[in-house]
Amino acid sequence: MNKTVFFGAMTAAVTLVAGAASATVLDEVKARGELNCGVSTGVNGFSAPDSAGEWQGFDVAVCRAVAAAVLGDPKKVKFVTTTGQTRFTALASGEIDMLARNTTWTLSRDADLKFTFAGVNYYDGQGFMINKAMGVSSAKELDGSTVCIQTGTTTELNLADYFKANNMTYEPVPIETNAEAQQQYLAGACDVYTTDASGLAATRATFADPENHALLPEIISKEPLGPLVAHGDDQWADIVRWTMNALVAAEELGITSANIEELSKGTANPEVDRMLGSSEDDLGAMFGLDKQWAKRAIAANGNYGEIFAANIGESTPIGLARGLNALWTQGGLQYSPPFR
Amino acid sequence: MAMTSEPSGSSFRLSMLIYDTRYRSITIQILFLFLFMAGFAWLVDNTLANLAQKGKDINFGFLGSRAGYDINQMLVNYTNDSSHARAWIVGLLNTLVLAVAACASATVIGVIAGVLRLSKSWIVSKIMTVYVEIFRNVPLLLWIIVIFAVLTEITPAPNAFRGENPTSSMFFFDSVAITNRGTYLPGALFDRSLGDINLGIVSVSTNYIVLIALIIASIWGYRALQRKAGVVQEATGVRPVTWWKSALILIAPTLIALLAMGFHLEYPELKGFNFQGGSYLRNSFIAMWLALTLYTGAFIAENVRAGILAISKGQTEAAFALGLRPNRTMNLVILPQALRVIIPPLISQYLNITKNTSLAIAVGYMDLRATLGGITLNQTGRELECMLLLMMTYLIVSLMISGAMNVYNNSVKLKER
Ligand SMILES: N[C@@H](CCC(=O)N[C@@H](CS)C(=O)NCC(=O)O)C(=O)O
């Protein structure tokens, strides 16, 4: 066989394969009938299977809302567990369609790792948890301590910077998963556990003696956590982004899982009608979905406030206050652009 | 008939490439080589095309940029301001330290267990059989995790050593502390230290250089003394008394140097959150070391046993007939011959240890896989580059080990004269 002919054929074959692979994520998900959503290996309140084996949590709710919008059924999600180290490879390789795993939006993850963040579902910061018996009341007193830290996270880099800036030393104990960190921390193999403050609160809530563990007052970084998708398919990124926006806008507009059926019969507010698909406007068609996509997304788990309250809010053992995550109308940062 | 079977040479037809046995094997080999290369080219081309489609390139520039993360165990200077390349070296050295320590201890354990498994004592040989079978038949990763879990769960936290009535105490006159983070041992301290030589990546203590130089010089002096005594013995038939001179040459210089540098032991002491001072072996290291030693030791034991069994019984009987005692028979007759059988599989056990160190991630030991192949890979997103470097590094290390072991093998193997 002639060499050039051979390589010509080869290139053609590769382009064919690549061409076949470049169908949109939306088409793939629809054809598959299931959304592959990357979540953590288990952070109570954010993503963890319940006693019946059903995935529950604040991040899980995002996956379910997207599945409801795209496939019409919030149950059609395959949850893929990822660690701090494996999550990005899983997303970049297409093993998962989206990642909702307490992941911080940073410039390098956006521009260098080539991911698109669909927004922020939890504004967080990095904190420290320590046993009250150690008698420590500030992170500035942690000089010489042994710190449990998940590898492959932003928190590992913040930790290094914080101790350097404060002229302190520490001994890092690198750890793969939250469960492992919890076990090491409770065994006393490390003095302090540091990660996103929400993650600390969630972890502490599973302890037998949560009252004996304190979160130190210092929050040493900004950790805007949100779902993300791979670069290269803007339509898919838009779908995930606007599903999130729909949840926030629903809270702002007073759409709840209780009244959504009632409201979708038609209201005096044109924006509500546009969102719920009860007017002439067809917003869903703009990214390949039907008119009722947002209605289904909201109906899946309720609006943003309902999801927050049910999974991590003050009435749950995790007990997080809305704080920065209140709506902008209530002094928080959660804000959705208009549905128009 | 004779005419047709004679190759004429002048008329070569293409079909002969397939039907003529003289050419057929070459044709097939060339075809396979071509297919192999085409397959390889396709893989490379596919990778590059897919990377380009994702907007990614292959670039090793990240190695020079700031790593930003801390590593707990480092043999060379490293801070979070150092480069990713430096973190790679730190990881490599951690891998090598673990591999060397585990190879040495696995060999010792393996030889002892292998010899004892052939013991005439029923109890001893059965105990060794149980050891070998238990460790050979459970995956290494499980041993690593079990040992690490035992170390963390049953040993006390540093906190237990605190206060008026501590629940735990140190061993050996307060010199050793075993905690769930690691074991703290006394370390050497020099009051009149000669300082460090800073070589950029490493700073080496001049004290140790001086001590090592003195010890080498002492051994050389001792050898010279023995040789002179030998010459005198050859000439006069009487061996001069040398024991006090040998003792002096061997011990005195090092001792004087130690005194001059003000050597004393530094004991670990609980200060703040942790013990400070002395030297520190992390539990992650101990767990890896123990697990690799016991696991690979079981395989080496089998190699040793096979090597010994390969030496015919006649050799032992001949040695006994010459009046050699059993352990001298083992040391002088059996083992030297058995080594020829033992060493080749031993090389592959050493390679196994080196590669198995990459399981260290399970217990958070910061080896090559955890630094370059773990945190660096994850923070920079350079999967392909990091994996290529990682494979290359393990390959080079393995080739060096087998090269060195082959040299040793050639030096002990049967020399035919
Ligand atoms: N936000 C940080 C850290 C994320 C992180 O790893 N958080 C932990 C604790 S909240 C977690 O989700 N662990 C889940 C797991 O171990 O699977 C990042 O994106 O790098």
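In this text the structure is predicted, and so the values were computed from the model without any measurement. Numbers given for residues are sequential positions, taken from 1 along each chain in its written order. Written order determines the labels here, with chains lettered from A and ligands numbered from 1. Whole-chain, interface and lining totals are the exception, using all residues; otherwise, since this is a predicted model, local features are given only for residues with pLDDT of at least 70 and side-chain atom pairs are given and counted only at 80 or more. With hydrogens and water stripped out, all remaining heavy atoms of the structure feed into the side-chain values.

Caption draft 1: Focus on the packing of helix α2 (residues 25-32) of chain A against helix α9 (residues 234-253) of chain A. All names here are of chain A. Look at α2 against α9: their axes get within 8 Å of each other, and the N-to-C directions meet at 70°. Here α2 lies roughly perpendicular to α9, going by the angle between them. Packed against α2, whose contacting residues are Val-25, Leu-26 and Val-29, the element α9 presents Gln-235, Trp-236 and Ile-239 at the interface. Polar here means any residue other than Ala, Val, Leu, Ile, Met, Phe, Trp, Tyr, Cys and Pro, which are nonpolar, and Asp, Glu, Lys and Arg, which are charged; Gly is therefore polar. A per-class count over the contact of α2 with α9 returns five nonpolar, one polar and no charged. The convention used is that axes are lines fitted to C-alpha atoms, helices contributing only their stretch in contact, and that angles between N-to-C directions extend from 0 to 180 degrees. In this text, helices come from DSSP runs of H or I with a minimum length of four residues, and strands from runs of E with a minimum of two, each type numbered from the N-terminal end. Roughly parallel covers angles under 35 degrees, roughly antiparallel covers those over 145, roughly perpendicular covers 65 to 115, and oblique covers all other angles. Here a residue-residue contact requires only that any non-hydrogen atoms of the pair lie within 4.5 Å.

Caption draft 2: The site of the ligand, seen in detail. All names here are of chain A. In this text, near means that some heavy atom of the residue lies within 4 Å of the molecule or strand in question. Lining the immediate environment of the ligand, one finds 21 residues, of which Thr-41, Thr-104, Thr-154, Asn-178 and Asp-196 sit closest. Pairs of N or O atoms are called polar contacts if they sit within 3.5 Å, as long as, within protein, a hydrogen donor faces a hydrogen acceptor (for residues adjacent in sequence, only side-chain-to-side-chain pairs). At 2.8 Å, a side-chain N or O of Asp-196 approaches a nitrogen atom of the ligand. For the shell around the ligand, the elements supplying multiple residues, two or more each, are β11 (192-196) and β13 (223-225). Here the residues of the shell around the ligand sort into two nonpolar, 14 polar and five charged. Two domains each put at least three residues into the shell around the ligand: domain 1 (25-123 + 225-330) and domain 2 (126-221). Per the annotation, domain bounds derive from an automatic or database assignment of domains.

Caption draft 3: Summary view of the interface of chain A and chain B. Taken together, the contact between chain A and chain B spans 44 residues of the former and 42 residues of the latter. Accessible area that two parts lose when put together, evaluated with a 1.4 Å probe and summed over both, is termed the buried area. Of the roughly 3400 Å² buried between chain A and chain B, counting both surfaces, carbon and sulfur atoms make up 51%. Salt bridges are identified by distance alone: a Lys or Arg side-chain nitrogen within 4 Å of an Asp or Glu carboxyl oxygen. Taken together, the connections running from chain A to chain B amount to four salt bridges. Our count for the chain A to chain B interface comes out at 17 residue pairs in polar contact (both at pLDDT 80 or more).

Caption draft 4: Looking closely at the state of the cysteines. All names here are of chain A. When two cysteine sulfur atoms lie within 2.5 Å, the pair is treated as a disulfide. The full count for this structure, using the stated rule, is two disulfides over all chains. The side chain of Cys-37 participates in a disulfide bridge whose partner is Cys-63; the two sulfur atoms lie 2.1 Å from each other. Judged by the sign of its S-S torsion, about -60°, the bond between Cys-37 and Cys-63 is left-handed. Here Cys-37, found in strand β1 (residues 35-39), pairs with Cys-63, found in helix α3 (residues 58-71); they are 26 residues apart in sequence, far enough to count as distant. Both residues of the pair, Cys-37 and Cys-63, belong to the buried class. Disulfide pairing places Cys-148 opposite Cys-190 at an S-S distance of 2.0 Å. One quick way to see it: the torsion about the S-S bond of Cys-148 and Cys-190 is about -95°, and its sign makes the bridge left-handed. Here Cys-148 is found in strand β9 (residues 145-150), whereas its partner Cys-190 is found in the loop between α7 (178-186) and β11, with 42 residues between them in sequence. Across the pair, exposure class does not vary: Cys-148 and Cys-190 are buried alike. When the bonded cysteines of chain A are numbered from the N-terminus onward, they pair as 1-2, 3-4. For every residue, the accessible area obtained with a 1.4 Å probe (protein chains only) is divided by the maximum for its type, and the residue is called buried under 20%, exposed over 50%, and partly exposed between those limits.

Caption draft 5: Highlighting the environment of A:Val229. Residue and element names in this part refer to chain A. By the element assignment, Val-229 lies in strand β14 (residues 228-230). Separated by 97 residues in the primary sequence, Val-229 and Lys-132 place their C-alpha atoms 40 Å from one another. With near-sequence residues (within four places) excluded, Val-229 lies in contact with Leu-91, Asp-97, Met-98, Phe-115, Thr-116, Trp-236, Ala-237 and Val-240.

Caption draft 6: Just the domain arrangement of chain B, in detail. Residue and element names in this part refer to chain B. Annotation of chain B at the domain level lists domain 1 (1-57) and domain 2 (68-170 + 282-417). Facing four residues of domain 1, the contacting portion of domain 2 comprises five residues. The junction of domain 1 with domain 2 conceals about 240 Å² of combined surface from both sides, 36% of it contributed by carbon and sulfur atoms. Linking domain 1 with domain 2 are one salt bridge, by the criterion used here. Counting every contact that joins domain 1 to domain 2 gives one residue pair in polar contact (both at pLDDT 80 or more). Residue classes in the side of domain 1 that touches domain 2 are distributed as one nonpolar, one polar and two charged.

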